[in-house]
Amino acid sequence: MRRLRQVTKIVREQGARQLGIRVLTAATRRLGAEGEDLPVRLEDVRKADVEARRPVVIPPIPPDGKLTINWVTTPPSKGSGGHTTMFRLIRHLESLGHECRLYLYETFGNAVADLEPVVRAAFPFFQGSIHDVTEGMADAHAVFATAWITAYPAFNDPCAGKRFYLVQDYEPWFYPAGGLYALAENTYRMGMHGFTAGRFLADKVRDEHGMPADHFDFGCDADRYRLGDDKRDGIVFYARRKAPRRAFELGVLALEVFAEKHPDLKIHVYGEKIGRLGPQFHDHGLVTPDELNAIYNRCFAGLSLSMTNVSLVPHEMLAAGCIPVVNDAHFNRVVLDNDHVRYAAPTPHSLARALSEVVTSPDFDAIARAAASSVEGRSWDAAGHELEKVLRRELAT
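Residues numbered from 1 in each chain as written. Predicted model: local features only at pLDDT ≥ 70, side-chain atom pairs only at ≥ 80, totals over all residues. Heavy atoms only, no water.

The protein chain appears in an unreviewed UniProt entry as Glycosyl transferase family 1 from Lentzea flava.

Structure follows, in structure tokens:
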């Protein structure tokens, strides 16, 4: 039944000829001789004249001040950090009585009827309705793009509402210099108002693309990640082989160098199943937050690499008294802004050396307590408050 709905949707949106092309070749979603994945609909890109500006139409805000917000997003799933942050912001807005609607955007032809149960299971607190953005959006006070591919339908749709852009990374960096890099970069020129994860991104889109932007500081889920009294037996690595910006290959090399010097310590790996690398490695794969907190509490240090904007992982590690070792980069230092993070040059030996320095530190219990204390009070409520403040200000102008 799901496959039938998928085929019907392709025919309705793209015609029988396009369906025939899809049946004849498995490369219909690919570009170029090397088969680069195409994550955005070509018709959406063709339609978007990023230099054109339509008048901004904002429906009247009701006397009770309650806002209606459309969120254009790729289908959310359990374990996605970007979607988790988006839903944290939505949850705060819904707690204040604002209505949030989800408009799903994807290129596989899946129907909302098939995607909605996955969304509801992963984020059960979400109260709003879920729709297909290709069927058009209803008027709202604010319309949020949440990733570069969603900026195109958010820009093109004729519905009322001021356009905003939840920017959690500098997404052109996800690609080599080329067409997809340019298509991602162009979305910062669409006249939307940015709301960015950390100050680095706000500065970058303002300075390089003239995009107005506010930022929020990363929070930490203290209900999930906290210091325990477990015996620590090793280190942990956040491994995302399918996300090149997380520098999986560099991380594995650093761990191999570390393992040679510390054969008595365990190396916990989570994020994706990566296979057995050696007797010291424990491959946990995708884990729940509670399971992850237990892993952090067993580890002296955690290797968290990011070649673009920093991930949520270092703050989670700190809350559990696990010292993050992070590749030294301006964007990481600006966003983390924490004296307990250890920075190292992005080479296997430098990263392994930083991990070694942590695990051999005297009186580690005191170090763990200080690290955990450094993120106390960093809840996600502050990000939600900042978002509502930005919405109130921008919708009143």
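Moving on from the model shown.
A.B. asks: I'd like a description of the overall build of the protein chain, backed by residues and values.
C.D. replies: Broken down by element type, the protein chain carries 14 helices and 15 strands. In terms of C-alpha radius of gyration, the protein chain reaches 22 Å, essentially the compact-globule figure of 21 Å for 397 residues. Considered along the principal axes of its C-alpha atoms, the protein chain spans approximately 60 × 55 × 40 Å. Across the 397 residues in the protein chain, those meeting the buried criterion constitute 54%. As displayed, the protein chain offers around 18,000 Å² of accessible surface, 52% of which is attributable to carbon and sulfur atoms. If the 48 positive side-chain charges of the protein chain are averaged to one point and the 51 negative ones to another, these points end up 4 Å apart. (Helix = DSSP H or I, 4+ residues; strand = E, 2+ residues; numbered from the N terminus. Rg over C-alpha atoms; globule rule 2.2 N^0.38 Å. Buried < 20%, exposed > 50% of the residue type's maximum accessible area, 1.4 Å probe, protein only. Areas by Shrake-Rupley, 256 points an atom, 1.4 Å probe, with all protein chains shown as cover. Lys, Arg positive; Asp, Glu negative; His and termini not counted. Charge placed at Lys NZ, Arg CZ, Asp CG, Glu CD.)

A.B. asks: Describe the nonpolar core, naming the residues involved and giving the relevant values.
C.D. replies: Formed by 126 residues in total, the largest nonpolar core has its most connected members in Trp71, Leu102, Tyr296 and Leu391. Not counting residues up to four positions away in its chain, the partners in contact with Leu102 are Trp71, Thr73, Pro76, Met86, Phe87, Ile90, Val119, Phe126, Ser129, Ile130 and His131. (Core = buried A, V, L, I, M, F, W, Y, C linked by side-chain atoms within 4.5 Å. Contact = heavy atoms within 4.5 Å.)

A.B. asks: Just give me the short version of the environment of Lys204, but keep the residues and values in it.
C.D. replies: Summarising the element assignment, Lys204 is placed in helix α7 (residues 199–209). Judged by relative accessible area, Lys204 falls into the buried class, the value being 11%. Separated by 127 residues in the primary sequence, Lys204 and Phe331 place their C-alpha atoms 9.9 Å from one another. Not counting chain neighbours up to four residues away, the residues in contact with Lys204 comprise Tyr170, Trp173 and His209.

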